[in-house]
Number of protein chains: 2
Amino acid sequence: MTTVTTVRSVSYSCLMETAEEPSLAAIRIEAVLAALDHPLRLRVVRTLAARGEMTCQELLPDITKSTASHHWGVLRRSGLVAQRREGRYLHLTLRRDDLDHRFPGLLDAVVHG
Amino acid sequence: MTTVTTVRSVSYSCLMETAEEPSLAAIRIEAVLAALDHPLRLRVVRTLAARGEMTCQELLPDITKSTASHHWGVLRRSGLVAQRREGRYLHLTLRRDDLDHRFPGLLDAVVHG
DNA sequence: CCATCAGTTCGAATTGATTCGAACAATAGG
DNA sequence: CCTATTGTTCGAATCAATTCGAACTGATGG
């Protein structure tokens, strides 16, 4: 009786991808709207707007890690959120300046909605 | 051999519902974001912003009637679009004043995105 | 070194949105 | 009246997004 241990050594090549955040000019309104169209992600954006930089755990403590990570990816790729690594922890911030410059008024509408 | 004709006389009681558009104060940002998170509906909003009042057929000529009607419903209930009946035709308009008043800058961001 | 912790990735299941045809209401026009 | 047209509603099928457990990477600290 041998315990089968499936080692996926190759497929995890592009793990912990460094900054897949779009540049200021590359932020697309379609991606921003799609990211905001989810209760959890909208809550995260509002919390970041009110409290500034926060860690992942502070933002979504009661959510499964894999689910939370999915939402971080959507928020990052949309251009709404930037991340900063500090040791093991990931610190997230709203890209307020970029968003205000690209879509003036949008964040205010979303936050004080 | 009788041809069964299922007559649904009761279930169509609330057909052609008159103005299920929310009032200015009742417009929710969540519904607006959800409505904008679809390529067809985003295209409709942008077309209405550029060309003003238009009929349903002018807006989505190549789309199935039932599918189009579904999208009109989403746009109406979100508060983005108002409708005016003229005979058989439905004329749609962007609720620009209401949206600019409720969420200043949002429509501009969406249209010139 | 080794165990732990934070977050990512994959694969599969569930859930939700979209789409379409058919039946329908309401109006328009002969 | 009768027929064609415009848009709605229902039901079912399809497609996309969300969710979760398990395996994994990389950093931390004994």
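Small disclaimer: the values here were computed from a predicted structure and weren't measured.

**Student:** Got a minute to help me understand the confidence of the model for chain A in this structure?
**Tutor:** Caution is warranted with low-pLDDT regions, since their predicted coordinates should not be read in detail. Scored by pLDDT, chain A has a mean of 88; 83% of the residues are at 70 or more. Counting contacts from residues 1–17 of chain A, a segment whose pLDDT is below 50, to residues more than four positions away or on other chains yields two contacts.

**Student:** What should I look at first to understand the nonpolar core in this one?
**Tutor:** A general feature of soluble globular proteins is that nonpolar side chains tend to end up buried together. Ranked by internal contacts, the top residues of the largest apolar core, which has 60 residues, are Leu 36, Trp 72 and Leu 80 of chain A together with Leu 36, Trp 72 and Leu 80 of chain B. The contact partners of Leu 36 of chain B, leaving out residues within four places of it in the chain, are Leu 33 of chain A together with Leu 42, Val 45, Leu 80, Leu 106 and Val 110 of chain B.

**Student:** How do you make sense of the sheet that holds strand β2 (residues 81–86) of chain B when you look at a structure like this?
**Tutor:** Across a sheet, strands are paired by hydrogen bonds formed along the backbone, either parallel or antiparallel in direction. All names here are of chain B. Here three strands make up an open sheet; going across it, the order is β1-β3-β2 and the pairing antiparallel. Each having just a single partner strand, β1 (54–55) and β2 make up the two edges of the open sheet. Where β1 and strand β3 (residues 89–94) come together, two bridges link them in antiparallel fashion. By the bridge assignment, Thr 55 is partnered in β3 with His 91. Helix α2 (residues 39–51) contacts β1, β2 and β3 of the sheet and is inclined by roughly 85° relative to β3.

**Student:** How should I be thinking about helix α2 (residues 39–51) of chain A in this particular structure?
**Tutor:** Taking 1.5 Å per residue, 13 residues should reach 18 Å; α2 of chain A reaches 18 Å between its end C-alpha atoms and fits that length. Phi turns positive one or two residues past the end of α2 of chain A, at Gly 52 of chain A, with a value near 80°.

**Student:** What exactly am I supposed to notice about the relation of the copies chain B and chain A here?
**Tutor:** There are two copies of the chain, and a rotation about an axis plus a shift along that axis relates them. For these two chains of identical sequence, chain B goes onto chain A by a turn of 180° and a shift of 0.0 Å along the axis, with RMSD 0.0 Å. The superposition of one copy onto the other is thereby described by a two-fold rotation axis. Of the interface residues in chain B, 100% have counterparts in chain A that sit at the interface too, so the contact is made through matching surfaces.

**Student:** How do you make sense of the pairing of strand β3 (residues 89–94) of chain A when you look at a structure like this?
**Tutor:** Regular strands place their side chains on alternate faces of the sheet. Residues and elements named next belong to chain A. Two strands pair when backbone bridges link them, and strand β2 (residues 81–86) and β3 are joined in this way by six bridges, in the antiparallel orientation. Of the residues in β3, the one forming a bridge with Val 81 is Leu 94. Remark: two residues form the turn of the hairpin made by β2 and β3, two consecutive strands paired antiparallel; Gly 87 in that turn has positive phi of roughly 65°.

**Student:** Got a minute to help me understand the sheet that holds β3 of chain A in this structure?
**Tutor:** All names here are of chain A. Pairing within the open sheet is antiparallel, and its three strands lie in the order β1-β3-β2. Of all strands in the sheet, those bounded by a partner on one side alone are β1 (54–55) and β2. Strands β1, β2 and β3 of the sheet are contacted by α2, whose axis makes an angle of about 85° with β3.

**Student:** Before we go on, may I ask you to explain the interface of chain B and chain A in this structure?
**Tutor:** Reports often express the size of an interface as the amount of accessible area lost when the parts come together. At the junction of the two partners, chain B supplies 16 residues and chain A supplies 16 residues. Of the roughly 1300 Å² buried at the junction of chain B and chain A (both faces included), carbon and sulfur atoms supply 64%. Taken together, the links from chain B to chain A amount to two salt bridges. Salt-bridge contacts for Glu 30 of chain B lead to Arg 46 of chain A; the nearest nitrogen and oxygen are separated by 3.5 Å. Our enumeration of links across chain B and chain A arrives at zero residue pairs in polar contact (both at pLDDT 80 or more). For the side of chain B that touches chain A, the elements supplying multiple residues, two or more each, are α1 (29–36), α2 and α6 (106–111) of chain B. Per-element accounting of the side of chain B that touches chain A gives the leading share, five residues, to α1 of chain B.

**Student:** Before we go on, may I ask you to explain the environment of Ala 34 of chain B in this structure?
**Tutor:** Note on placement: Ala 34 of chain B falls in helix α1. Sequence spacing of Ala 34 of chain B and Leu 75 of chain B is 41 residues, and the spatial spacing of their C-alpha atoms is 9.4 Å. The residues touching Ala 34 of chain B, leaving out its near neighbours within four places in the chain, are Asp 37 of chain A together with Arg 41 of chain B.

**Student:** Would you take a moment to explain the pattern of salt bridges for this structure?
**Tutor:** Once the charged atoms of two side chains with opposite charge are near each other, the side chains can pair. Summed over the entire model, instances satisfying the criterion amount to 16 salt bridges over all chains. Note that Glu 20 of chain B and Arg 76 of chain B form a salt bridge whose closest N and O atoms lie 2.7 Å from each other. Of this pair, Glu 20 of chain B sits in the segment before α1 while Arg 76 of chain B sits in helix α4 (residues 65–78); the two residues are 56 residues apart in sequence, bridging distant segments of the chain. Note that Arg 84 of chain B is salt-bridged to Glu 86 of chain B, the shortest N-O span being 2.8 Å. By relative accessible area, Glu 86 of chain B is classed as partly exposed at 42%. One continuous salt-bridge network, built from bridges that share partners, spans Glu 20, Arg 76 and Arg 77 of chain A.

Criteria and thresholds
- Residues numbered from 1 in each chain as written.
- Chains lettered and ligands numbered in written order.
- Predicted model: local features only at pLDDT ≥ 70, side-chain atom pairs only at ≥ 80, totals over all residues.
- Heavy atoms only, no water.
- pLDDT = per-residue confidence, 0-100.
- Contact = heavy atoms within 4.5 Å.
- Core = buried A, V, L, I, M, F, W, Y, C linked by side-chain atoms within 4.5 Å.
- Buried < 20%, exposed > 50% of the residue type's maximum accessible area, 1.4 Å probe, protein only.
- Pairing = 2+ DSSP bridges.
- Helix = DSSP H or I, 4+ residues; strand = E, 2+ residues; numbered from the N terminus.
- Axes fitted to C-alpha atoms, helices over the stretch in contact; angles between N-to-C directions.
- Expected span 1.5 Å × (residues − 1).
- Least-squares fit on C-alpha atoms with pLDDT ≥ 70 in both.
- Buried area = accessible area lost by both parts, 1.4 Å probe.
- Salt bridge = Lys/Arg side-chain N within 4 Å of Asp/Glu carboxyl O.
- Polar contact = N/O pair within 3.5 Å; in protein donor to acceptor, adjacent residues only side chain to side chain.

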